[in-house]
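Examining the three-dimensional arrangement
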Amino acid sequence: MVQATVTTLGFDADDTLWQNEQFFRQTEERFLELLADFGDRSALSSRLFAVEKRNIPIYGFGIKGFVLSMMETALEISDGRLDPGIIARVLTMGREMLNHPVELLPGVRETLEALADHYPLVLITKGDLFDQERKLTASGLADLFNAVEIVSDKSASTYARVFAARGDGANKGLMVGNSLRSDILPALEAGAYAMHIPHDLTWTYEHIEEPVEHPRLFVEENIQKVFEVIEKINIKSVDLRI
Ligand SMILES: [Mg+2]
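Below is a short write-up of the structure.

1. Details of the coordination of the magnesium ion
Surrounding the magnesium ion are the protein donor atoms Asp-12 (OD), Asp-14 (O) and Asn-178 (OD1), which sit 2.1 to 2.2 Å from the metal. All donors to the magnesium ion come from one chain, and their sequence spacing reads D-x1-D-x163-N. Asp-12 sits in the buried class, given a relative accessible area of 5%.

2. Quick word on the nonpolar core
Side chains of nonpolar character tend, in soluble globular proteins, to be buried together. In terms of nonpolar packing, the biggest core is built from 28 residues, with Leu-9, Phe-11, Leu-17, Leu-112, Leu-115, Phe-145 and Leu-174 touching the most fellow members. Of all the secondary-structure elements, those providing two or more residues to this core are strand S1 (8-11), helix H5 (108-116), strand S2 (121-126), strand S4 (173-177), strand S5 (193-196) and helix H9 (226-241). Ranked by the residues each element gives to this core, the list is headed by H9, at 4 residues. When near neighbours in sequence (up to four residues on either side) are disregarded, Leu-17 contacts Phe-11, Asp-12, Glu-103, Leu-104, Leu-105, Val-108, Leu-112, Leu-123, Leu-141, Phe-145 and Ile-223. Phe-31, Leu-35, Met-71 and Ile-86 belong to the second-largest nonpolar core, a separate cluster that totals 20 residues.

3. Some remarks on the side chain of Thr-73
Assignment of secondary structure puts Thr-73 in helix H3 (residues 63-78). Overall, the relative accessible area of 1% leaves Thr-73 in the buried class. Within the structure, the side chain of Thr-73 is placed 2.6 Å from the backbone oxygen of Ser-69, a separation counted as a polar contact. Excluding residues that lie within four positions of it along the chain, Thr-73 makes contacts with Phe-31, Arg-47, Leu-48 and Val-51.

4. Thoughts on the pattern of salt bridges
Taken as a whole and judged by the stated rule, the model has 15 salt bridges. Notably, a salt bridge pairs Lys-135 with Asp-14, separated by 2.9 Å at the nearest N-O pair. Placement of the pair is Lys-135 in helix H6 (residues 129-139) and Asp-14 in the loop between S1 and helix H1 (21-34), with a sequence separation of 121 residues. The exposure classification of Lys-135 matches that of Asp-14, with both residues buried. Glu-72 is paired through a salt bridge with Arg-54; the nearest N and O atoms lie 2.4 Å apart.

5. Description of the side chain of His-199
Relative to the helices and strands, His-199 resides in the loop between S5 and strand S6 (217-219). Residues in contact with His-199, not counting those within four places in the same chain, are Asp-15, Gln-19, Leu-105 and Asn-178.

6. A word on the packing of H3 against helix H4 (residues 84-98)
Between H3 and H4, the least distance of the axes is 10 Å, while the angle of their chain directions is 165°. Our classification of the angle between H3 and H4 gives roughly antiparallel. The hand of the H3/H4 crossing is right-handed. Where H3 approaches H4, its residues Ile-63, Lys-64, Phe-66, Val-67, Met-70 and Met-71 are matched on the opposing element by Ile-87, Val-90, Leu-91, Met-93, Gly-94, Met-97 and Leu-98.

7. Things to note about the packing of H1 against H4
Here H1 crosses H4 at 170°, and the two axes come no closer than 11 Å. The pairing of H1 with H4 is recorded here as roughly antiparallel in orientation. Here Phe-23, Phe-24, Thr-27, Arg-30, Phe-31 and Leu-34 of H1 lie close against H4, whose contacting residues are Ile-86, Arg-89, Val-90, Met-93, Glu-96 and Met-97. A class-by-class count of the residues in the contact of H1 with H4 yields 8 nonpolar, 1 polar and 3 charged.

Parameters and conventions
Residues numbered from 1 in each chain as written. Predicted model: local features only at pLDDT ≥ 70, side-chain atom pairs only at ≥ 80, totals over all residues. Heavy atoms only, no water. Donors = N, O, S within 2.8 Å, 3.2 Å for Na, K, Ca; no water. Buried < 20%, exposed > 50% of the residue type's maximum accessible area, 1.4 Å probe, protein only. Core = buried A, V, L, I, M, F, W, Y, C linked by side-chain atoms within 4.5 Å. Helix = DSSP H or I, 4+ residues; strand = E, 2+ residues; numbered from the N terminus. Contact = heavy atoms within 4.5 Å. Polar contact = N/O pair within 3.5 Å; in protein donor to acceptor, adjacent residues only side chain to side chain. Salt bridge = Lys/Arg side-chain N within 4 Å of Asp/Glu carboxyl O. Axes fitted to C-alpha atoms, helices over the stretch in contact; angles between N-to-C directions. Parallel < 35°, antiparallel > 145°, perpendicular 65-115°, else oblique. Left-handed = near helix turned anticlockwise from the far one by under 90°. Nonpolar A, V, L, I, M, F, W, Y, C, P; charged D, E, K, R; others polar.

Right, dumping it as structure tokens:
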């Protein structure tokens, strides 16, 4: 008898299940406008990214760290001449992001509902615990997941641990996500299958320059393709047994 090849499905959340990066971009636009007197757009944008990157090991991922990085950038570039009103505006923009309604990506609910009857589903997301929990609740998807793992960062050991704890190990797990850097490469490294669904907007930090090729990697345009991916994996594994 052929054993099921994939027994557990892992899903990234931000920009895989719901929109996220677009809210960061919109807020960054407003921030750059606010600081237009202090330099040109692209220089300010690069400066903000450098500050964000520097702060990740301190604040972790998420909106709160982003707000602190915007404030730090504003203070740095204004050389102490900053209108305190600007800091107040940045705090308001952060609160608006933290209260923003969750917008599911097309096909997400139906796909997860159909999968949940057959597989344990695990949400594996990085970022701010409080905010990710809020978004999961607001998404209305929480009941479809057997487990939720909100982690500070995603490495191969994260996927090895999660798929061992929530399934039958990484080599029987399929990770679905939009970020090569966070969802795909470390999952493949852990021995899992990976389905990459590129999103139109991806944060510079998550970019990977080199094309990735791997026998366990599938690149698809939307989440509904997960059924085909599972089928392809199962057919492949049957071939291997002949
Ligand atoms: Mg993501």
